[in-house]
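Working through the structure, step by step
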Amino acid sequence: MTPIHQPLLSARTLTHLYGHRVGCIDVDLDLYEGEVLAVVGESGSGKSTQLSLLSAQMEPTSGAVAYRMTDGVTRDLVALSQAERRFLMRTDWGFVHQDARDGLHMGVSAGGNVGERLMAVGWRHYGDIRAKASDWLGRVEIDESRIDDFPTQFSGGMRQRLQIAKTLVTQPRLVFMDEPTGGLDVSVQARLLDLLRGLVTDLGLAAVVVTHDLAVARLLSSRMMVMRGGRVIEHGLTDQLLDDPREPYTQLLVSSILQA
Amino acid sequence: MSDTFQAIELRAVSKTFVLHAQGGVRLPVVKNATFAAPRAACTVLAGASGSGKSSILKMIYGSYRCDDGQILVTAGGERVDIALASPARILKLRASTLGYVSQFLRVIPRIGAPDIVTAAAREGGLNGMDARERASLLLTRLNIPERLWSVPPATFSGGEQQRVNIARGFAAPHAVLLLDEPTASLDAENRAVVVQLISEAKAGGAAILGVFHDDDVRHQAADHIVNVAAFSDPGAP
Ligand SMILES: Nc1ncnc2c1ncn2[C@@H]1O[C@H](COP(=O)(O)OP(=O)(O)OP(=O)(O)O)[C@@H](O)[C@H]1O
Ligand SMILES: [Mg+2]
């Protein structure tokens, strides 16, 4: 039996070098169910590299990532078979990309996009798939009458919500988000954040959210990691880091924004 | 008082802010704070503005770090030293035990007051129906008119926001409740409601540690007073 305090996802001395350039160095983290971790820092600080390593899209130069599979056994990501990795990508993990076009098939209808992910995990009955897709469009506040429209006909905010529906429909346990509200208008961002916040709490998801926006970190995450030059400068409770930043760099980051 | 059980205990707690943007200026705000707050009672922190009252409450909640000393919170047969606890442990304690109400509502866009309060009640373990009822009851008692229930509190007056914040803080039965001037801009009628909520929480066994500006609230609510001046750094500005 696995002790329940085993993390869902953990990384140890995770390091990635792009030739001579540093992607990230010596990242340690543990993530449990229901926890949302924000990774913040300026562009080039190693946030996205870290996300790619954690989600097995890249292999680390050194260090390791382990994930507790649905059978309760914690496995090293690099040791997984292709089939196991595919299972994670299709079912147990979700991705919310900054650009919704990276997560959607633009030539497939909204319902088809959500349905695709269900079919990938074995759903076959057309009526069930359509009903489930329609339910999820509703949950992300897209009018169900738009089910046969194409994402090209949607606004940026709607596309992002569609991507979220597509991601969450298989009830993943872990979601990776890369600047989920980047590129959207402020008012659209607020609505999206609010929706994400509700879904994350209701579903008890674990999530890693990469963002340069401290307000996003404040609203979505309970824990935060500050990166600079590929290294973790400071990590801890989100409110502690924002209200009582200790490292000079974190203080600078916090004071340079209006009010997170 | 030998049978009273200390829910919060600070032992030699100190805190200094280091402001790196100001050339590393050191700002000692709390020095050697040592006191306890028993359950089923309201303990009030007193002291001049800037003497470190809010900083102490935030250290207990974990949103400010503690540099030195121990901050022991005991509830449900468990004792946690906040000064050393992991983020995961502190989050768990906040969900089960530790509540904090400041005078400011952190507004969440688009969400109405009943949903904000219901969510807090649910996080504290009430089931869906009970949570919703508890939210309505509190908003009603705190005189938030029903016509405002469907409006996100971003547009509320300061006092209205503060009352939503209080409703949120009292939504779940916290064994330890930290109050930082929750009544700062309330009228007498609403202050009386807060005093009533405090006595109900005490009757339920909660340890309340608060800062109150108004003398009337302080007199009615306080069982013990701790003067923070004793813990201020003499060299502090
Ligand atoms: N995050 C922070 N960074 C730097 N200094 C801070 C921070 N928070 C508080 N301080 C400083 O710590 C000192 C104590 O502040 P604190 O808010 O704890 O006082 P207080 O007793 O609650 O005062 P008041 O009665 O005015 O609310 C003040 O000098 C304040 O400027
Ligand atoms: Mg104060």
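It should be emphasised that the depicted structure is a prediction, and the values quoted were computed from it without experimental measurement. (Residues numbered from 1 in each chain as written. Chains lettered and ligands numbered in written order. Predicted model: local features only at pLDDT ≥ 70, side-chain atom pairs only at ≥ 80, totals over all residues. Heavy atoms only, no water.)

Some remarks on helix α5 (residues 158–171) of chain B
All names here are of chain B. Stated formally: Runs of E in the DSSP output that reach at least two residues are strands. Runs of H or I that reach at least four are helices, and both are numbered from the N terminus. The span you would expect from a helix comes to 1.5 Å times its residue count less one. To sort residues, take the accessible area from a 1.4 Å probe on protein chains only and compare it with the maximum for the residue type: under 20% means buried, over 50% means exposed, and anything in between is partly exposed. In this description, contact between two residues means that some pair of their heavy atoms is separated by no more than 4.5 Å.
An ideal rise of 1.5 Å per residue puts 20 Å on 14 residues; α5 measures up with 20 Å between its terminal C-alpha atoms. Here α5 lies mainly inside the structure; 12 of its 14 residues are buried. Restricting attention to buried positions, one finds in α5 the residues Gly159, Glu160, Gln161, Gln162, Arg163, Val164, Asn165, Ile166, Ala167, Gly169, Phe170 and Ala171. Residues of α5 that are buried make contact with β6 (98–101), α3 (113–123), α4 (128–141), β7 (176–180) and α6 (188–203).

Structural notes on the interface of chain A and chain B
By a widespread convention, an interface's size corresponds to the accessible area lost as its parts come together. The criterion, for reference: The quantity reported as buried area is the accessible area (1.4 Å probe) lost by two parts once they are put together, taken as the sum for both. Any carboxyl oxygen of Asp or Glu that lies within 4 Å of a side-chain nitrogen of Lys or Arg is treated as forming a salt bridge with it.
Counting residues at the interface gives 26 residues for chain A and 23 residues for chain B. Contact with chain B buries surface across chain A, with Asp194(A), Leu237(A) and Asp244(A) losing the most and accounting together for 27% of the total. Counting across the interface, chain A meets chain B through four salt bridges. A salt bridge links Lys15(B) to Asp244(A), with the nearest nitrogen and oxygen atoms 2.7 Å apart. At the level of secondary structure, the elements contributing two or more residues to the side of chain A that touches chain B comprise α6 (186–203), α7 (214–220), β10 (231–237), α8 (238–243) and α9 (248–255) of chain A. The biggest single contributor to the side of chain A that touches chain B is α6(A), with six residues.

A few points about the domain arrangement of chain A
Residue and element names in this part refer to chain A. To keep it simple, the criterion reads: An automatic or database domain assignment supplies the residue ranges for each domain. Polar contacts, as used here, are pairs of N or O atoms within 3.5 Å; protein pairs need one atom able to donate a hydrogen and one able to accept it. Residues neighboring in sequence count only if both atoms are side-chain atoms. For this scheme, ten residues count as nonpolar: Ala, Val, Leu, Ile, Met, Phe, Trp, Tyr, Cys and Pro. Four count as charged, namely Asp, Glu, Lys and Arg, and the remainder, Gly too, count as polar.
Per the domain assignment, the segments making up chain A are domain 1 (1–92 + 174–260) and domain 2 (101–171). Tallying the contact residues gives 14 residues for domain 1 and 16 residues for domain 2. Both faces combined, the contact of domain 1 with domain 2 buries some 1400 Å², and carbon together with sulfur accounts for 64% of it. When the buried area of domain 1 at its contact with domain 2 is split by residue, Arg90, Arg191 and Leu195 rank highest and sum to 35% of it. At the surface where domain 1 touches domain 2, the tally comes to one salt bridge. Our count for the domain 1 to domain 2 interface comes out at five residue pairs in polar contact (both at pLDDT 80 or more). Contributions of two or more residues to the side of domain 1 that touches domain 2 are made by α2 (82–92) and α6. With seven residues, the top contributor of residues to the side of domain 1 that touches domain 2 is α6. Residues belonging to the side of domain 1 that touches domain 2 are distributed by class as follows: 11 nonpolar, one polar and two charged.

Overview of the site of ligand 1
The following threshold applies: One heavy atom within 4 Å of a molecule or strand makes the whole residue count as near it. Using a 1.4 Å probe, accessible areas were evaluated by the Shrake-Rupley method; residue-level cover was limited to the displayed protein chains.
Lining the immediate environment of ligand 1, one finds 15 residues, of which Ser49(B), Lys53(B), Ser54(B), Ser55(B) and Tyr64(B) sit closest. Those residues lying near ligand 1 are distributed over chains A and B. Contact between ligand 1 and Ser49(B): an oxygen atom at 2.6 Å from a side-chain N or O atom of the residue. Contacts to ligand 1 include Gly50(B), whose backbone N or O atom sits 2.7 Å from an oxygen atom. Considering ligand 1 on its own, with 630 Å² of exposed area, one finds that the protein chains cover 69% of that surface. Mapped by element, the contributors of at least two residues to the shell around ligand 1 are β1 (6–19), β2 (25–38) and α1 (53–61) of chain B. For the shell around ligand 1, the leading source of residues is α1(B), giving three residues. Residue composition of the shell around ligand 1, by class: six nonpolar, six polar and three charged.

What to know about unusual backbone geometry
Phi at Ala56(A) is positive, roughly 60°, even though this residue is not glycine. Relative to the elements of secondary structure, Ala56(A) occurs in the loop between α1 (47–54) and β4 (62–68). Positive phi outside glycine occurs at Asn143(B), with the angle close to 60°. Looking at the element boundaries, Asn143(B) is found in the loop between α4 and α5.

Focus on the packing of aromatic side chains
This is how it is decided: Only the six-membered ring of Trp is used, alongside the rings of Phe and Tyr, when aromatic pairs are assigned; centres must lie within 6.5 Å, and planes under 30 degrees apart are stacked while those over 60 apart are edge-to-face, with the rest tilted.
Counted under the stated rule, the structure contains six aromatic pairs over all chains. Considering the side-chain rings of Phe95(A) and Phe176(A), the 5.4 Å spacing of their centres and the 25° angle between planes classify their relative orientation as stacked. Linking Phe95(A) in strand β6 (residues 93–96) with Phe176(A) in strand β7 (residues 174–178), this pair joins segments that are 81 residues apart in sequence. For Phe95(A), a relative accessible area of 16% puts it in the buried group. What makes Phe176(A) buried here is its relative accessible area of 1%. Aromatic pair Phe35(B) and Phe231(B): ring centres 5.9 Å apart, planes at 20°, arrangement stacked.

What to know about the sheet that holds strand β2 (residues 21–31) of chain A
Within a beta sheet, neighbouring strands are joined by backbone hydrogen bonds and run either parallel or antiparallel to one another. Residues and elements named next belong to chain A. We apply this condition: For two strands to be treated as a pair, DSSP must find no fewer than two bridges joining them. Working convention: axes come from line fits to C-alpha atoms, limited for helices to the stretch in contact. Angles between N-to-C directions cover 0 to 180 degrees.
In spatial order, the strands read β2-β1-β4-β5; together these four strands make up an open sheet with antiparallel pairing. Pairing within the sheet leaves two strands with one partner each, and these edge strands are β2 and β5 (74–76). The mean angle between the axes of side-by-side strands here comes to 20°, regardless of whether they run parallel or antiparallel. Where strand β1 (residues 9–18) and β2 come together, seven bridges link them in antiparallel fashion. From the neighbouring strand, leucine 14 faces β2, where its bridge partner is valine 27.

Focus: the sheet that holds β7(A)
All names here are of chain A. Strands sit in the order β6-β7-β8-β3-β9-β10 across an open sheet of six strands; the sheet is mixed. Whereas interior strands pair on both sides, the edge strands pair on one side only; in this sheet they are β6 and β10. Along the sheet, successive strands turn relative to each other by an average axial angle of 15°, direction set aside. Looking at chain direction, strand β3 (residues 36–40) and strand β9 (residues 223–228) are connected through four bridges and run parallel. Paired with leucine 37 across the two strands is arginine 223, which belongs to β9. In this fold helix α5 (residues 156–168) packs onto β6 and β7, with an angle of close to 175° to the strand it touches most, β6.

What about empty space enclosed by the protein?
Residues and elements named next belong to chain A. Inclusion rule: Buried and open spaces are told apart on a 1 Å grid over the protein atoms alone, a cavity being a set of points where a 1.4 Å probe fits but cannot get out and a pocket being an open set with protein on both sides within 12 Å along at least five of seven lines. Residues with an atom within 4 Å of a point are the lining residues. Grid points are joined across faces, edges and corners, and a volume is the space filled by probe spheres set on the points.
One pass over the structure, following the stated rule, counts one cavity of 30 Å³ or more. The computed volume of the largest cavity comes to approximately 80 Å³. Lining the largest cavity, in full, are Leu53, Ala56, Met58, Glu59, Pro60, Gly63, Ala64, Val65, Asp76, Leu77, Val78 and Arg85. With three residues, the top contributor of residues to the lining of the largest cavity is β4. Residue composition of the lining of the largest cavity, grouped by class: eight nonpolar, one polar and three charged.

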